[in-house]
Amino acid sequence: MSHKRSSFSGKVGFVLAAAGSAVGLGNIWRFPYLAAKYGGGIFLLVYLILAVTFGFALMTAEIALGRKTQLSAIGAFGSLNKRFSFLGYLASIVPMIILPYYSVIGGWVMKYLAGFVTGEGAAMANDAYFGAYISKTAEPIIWFLLFMGITAVIVLFDVEKGIEKVSKIMMPILVVLILVICVYTIFSMDGALDGVAYYLKPDFSKFSIMTVVAAMGQLFYSMSLAMGIMITFGSYMKKDIRIEKSVRQIELFDTGIAFLAGLMIIPAVFAFSGGDETALGQGPGLMFVTLPKVFATMPGGSVIGAAFFIMVLFAALTSAISLMETIVSIFRDKLGIGRKPACILVFGICVALGLLSCLGYSAWSTVKIIGMQFLDLFDFLSNSIIMPITAFATCIFVGYILKPKALIAELERGGPFKARTLFTVMIKYVAPIFTLLILLSSILDVFGVVKI
Ligand code: PHE
């Protein structure tokens with residue numbers, strides 16, 4: 001990055017900023033619907049195993065790469081080996097694909113927030129409400145533009161620091177609210193305990209390779225991996241901080257919130273539907289369909305509902321800002337343009353792509369590409385195709401071109417690197433094979449060659 005490289009004030013500053021990027025819709029909206037769909041406990045178990053092995057190794061490698069080179073993704077790979085600059089570009093495409101549809105969902109969150117504030121809570125508890133809302137043409141577009149616009153204005157005027165400060169207060173409140181909703185659902189709703197069992201007890205008969213594919217995609221998404229973001233964060237990190245410890249903390253934070261979000265939503269799905277397959281497998285709408293029903297039965301539910309969606313909105317905004325910030329900084333570096341034109345350009349591209357995702361649920365709902373509508377397609381392309389490729393190439397690069405030793409030196413600054421064997425084995429052997437298998441499975445699955 002050619003512009004000024006500031007650094008985080010200290011250990012806590014770094015962890016909180018990275019956690020602000022990591023904790024977002026991925027944890028609260030995406031994790032629960034995947035866990036519900038892919039068998040509950042078995043998904044949770046696979047996800048946890050992947051997080052402490054694969055996720056740990058990849059996040060550690062990315063942060064170390066950034067801190068070692070003091071550059072963001074494109075520069076970092078290129079400066080170490082010219083032939084690998086492509087990897088930086090590849091990683092940079094991902095935020096460009098994610099941000100537009102992320103903002104569409106951010107728009108859904110704003111709509112639900114507005115609904116609770118204006119006393120529409122009871123109507124939103126109706127099963128058909130969400131489907132009817134997203135199939136409208138104009139309204140979801142307006143909320144999407146609003147979310148995207150707020151993100152762009154924050155990045156344009158460089159006021160991220162203010163938002164981060166607010167979000168530091170919001171995050172603990174969000175955790176408390178999630179806990180309150182969990183306790184309320186589990187202890188007062190009939191059938192909720194079956195949901196707890198479904199979520200916590202792994203049922204091995206529900207395991208398939210797609211469980212792993214989905215869990216791996218979710219891991220990348222939730223921990224902001226394989227898209228250059230953690231490399232950039234690493235480049236801002238002070239040299240005397242232990243990367244290993246920070247990664248563990250970010251991971252704990254990120255996974256903890258995802259876990260609680262699942263515990264908040266899945267038992268509620270059971271309470272309202274008895275855990276029937278269609279309710280569990282409904283996908284992106286799960287949170288929006290289920291939670292208003294909980295709030296409708298809860299004393300003070302509309303206030304709690306409004307508070308909940310405000311917190312989710314902040315978590316989503318801090319993530320969207322980090323996505324947009326990354327893209328803007330790439331455009332500035334590569335095109336040599338200022339912050340303002342870069343912001344306007346990125347905003348324009350995101351609006352165009354985001355419109356596709358909105359219209360995919362309404363006017364263009366019959367348009368299907370490889371069997372998916374636009375939002376699912378973007379989600380699939382980024383999480384199941386480009387991210388595994390980027391992760392694979394990163395492992396090959398760190399494992400065989402740069403060699404793990406070169407990063408271990410960086411990782412040993414500020415103290416011993418305890419997980420060095422795990423790190424080396426993961427990066428050199430397990431992760432590359434795994435990511436390749438994941439990639440193959442998702443391609444085979446989508447083209448229906450083999451039904452996995
Ligand atoms: N990790 C964020 C989430 O869970 C999404 C995100 C991905 C943010 C990539 C920044 C970069 O919502």
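Further remarks concern empty space enclosed by the protein. The gaps of empty space that remain are located by a probe, the size of a water molecule, rolled over the atoms. Scanning the model with the defined rule gives four cavities of 30 Å³ or more in all. Estimates place the volume of the largest cavity at around 130 Å³. The wall of the largest cavity is formed by 17 residues, among which Ser-21, Tyr-102, Tyr-221, Ser-224 and Leu-323 lie closest to the centre. Of all the secondary structure elements, the ones that give two or more residues to the lining of the largest cavity are α1 (11-22), α2 (25-37), α5 (85-117), α11 (209-222) and α16 (301-335). When its residues are assigned to classes, the lining of the largest cavity shows nine nonpolar, eight polar and no charged. Considering only enclosed or pocket space, the second largest cavity measures out at about 60 Å³ in volume. Lining the second largest cavity we find eleven residues, and of these Ser-72, Ala-73, Thr-232, Thr-326 and Ile-330 sit closest to its centre. For the lining of the second largest cavity, the secondary-structure elements that each account for two or more residues are α4 (73-80) and α16. Top contributing element to the lining of the second largest cavity by residue count: α16, with three residues.

This part is about the packing of aromatic side chains. All chains considered together, the criterion is met by 28 aromatic pairs. Measuring from centroid to centroid gives 6.3 Å for Tyr-38 and Phe-43, while their planes differ by 25 degrees, and the two rings are stacked. For Phe-43, a relative accessible area of 0% corresponds to the buried category. Taking 5.3 Å as the distance between ring centres and 85 degrees as the angle between the ring planes, the aromatic pair formed by Phe-308 and Phe-309 counts as edge-to-face. As far as burial versus exposure is concerned, Phe-308 and Phe-309 are alike and both buried. Each member of the aromatic cluster is reached from another via a ring pair, and the members are Trp-108, Tyr-112, Phe-116, Tyr-129, Phe-130, Phe-288, Phe-295, Phe-308, Phe-309 and Tyr-361. Residue placement shows Arg-30 over the ring face of Tyr-221; its charged tip is 4.8 Å from the ring centre.

For the rest of this paragraph, the subject is the site of the ligand. The local shell around the ligand holds 15 residues, among which Ala-22, Gly-26, Tyr-102, Tyr-221 and Ile-229 are the closest. The separation between an oxygen atom of the ligand and a polar side-chain atom of Asn-27 is 3.1 Å. A distance of 3.0 Å is found between a nitrogen atom of the ligand and a backbone nitrogen or oxygen belonging to Ser-222. Protein coverage of the free-state accessible area of the ligand, which is 320 Å², stands at 100%. At a threshold of 2 Å from the grid points, most atoms of the ligand map onto the largest cavity. Residue assignment for the shell around the ligand shows that the elements contributing at least two residues are α1, α2, α11 and α16.

A word on helix α19 (residues 404-411). Those residues of α19 lying buried are Pro-404, Leu-407, Ile-408, Glu-410 and Leu-411. All buried residues of α19 fall inside an arc of 155 degrees around its axis, so they share one side. Where α19 is buried, its residues touch α3 (41-69), α13 (243-273), α18 (374-402) and α20 (420-446).

Attention shifts here to α11. Across its 14 residues, α11 extends 20 Å between first and last C-alpha, which sits within 8% of the 20 Å expected from 1.5 Å per residue. Across the 14 residues that make up α11, a large majority, 13, are buried. Two to three positions downstream of the cap, the backbone nitrogen of Met-210 sits 3.0 Å from a side-chain oxygen, assigning the N-cap of α11 to Ser-208. Downstream of α11 by a residue or two, Ser-224 has a phi angle that is positive, lying close to 50 degrees.

Covalent bonding between the sulfur atoms of two cysteines defines a disulfide. In the structure shown here, the tally under the stated rule is zero disulfides. Not engaged in a disulfide, the cysteine Cys-343 finds its nearest cysteine sulfur in Cys-350; these two sulfurs lie 11 Å apart.

Approximately 550 Å³ is the volume attributed to the second largest pocket. Forming the walls of the second largest pocket are 24 residues, and the residues nearest its centre are Leu-34, Lys-37, Tyr-38, Asp-379 and Phe-380. Those elements that place two or more of their residues in the lining of the second largest pocket are α2, α11, α18 and α20. Tallying contributions element by element places α18 first for the lining of the second largest pocket, with six residues. Counted by class, the lining of the second largest pocket contains eleven nonpolar, seven polar and six charged residues.

Cut-offs applied
- Residues numbered from 1 in each chain as written.
- Predicted model: local features only at pLDDT ≥ 70, side-chain atom pairs only at ≥ 80, totals over all residues.
- Heavy atoms only, no water.
- 1 Å grid on protein atoms, 1.4 Å probe; cavity = no way out; pocket = protein on both sides within 12 Å on 5 of 7 lines; lining within 4 Å.
- Points joined across faces, edges and corners; volume = space filled by probe spheres on them.
- Helix = DSSP H or I, 4+ residues; strand = E, 2+ residues; numbered from the N terminus.
- Nonpolar A, V, L, I, M, F, W, Y, C, P; charged D, E, K, R; others polar.
- Phe/Tyr/Trp six-rings, centres within 6.5 Å; stacked < 30°, edge-to-face > 60°.
- Buried < 20%, exposed > 50% of the residue type's maximum accessible area, 1.4 Å probe, protein only.
- Lys NZ or Arg CZ within 6 Å of the ring centre and 35° of its normal.
- Near = heavy atom within 4 Å.
- Polar contact = N/O pair within 3.5 Å; in protein donor to acceptor, adjacent residues only side chain to side chain.
- Areas by Shrake-Rupley, 256 points an atom, 1.4 Å probe, with all protein chains shown as cover.
- Sits in = over half its atoms within 2 Å of the grid points.
- Arc of directions from axis to C-beta.
- Contact = heavy atoms within 4.5 Å.
- Expected span 1.5 Å × (residues − 1).
- Disulfide = S-S within 2.5 Å.

No statement about biological role is implied by the geometric values presented.
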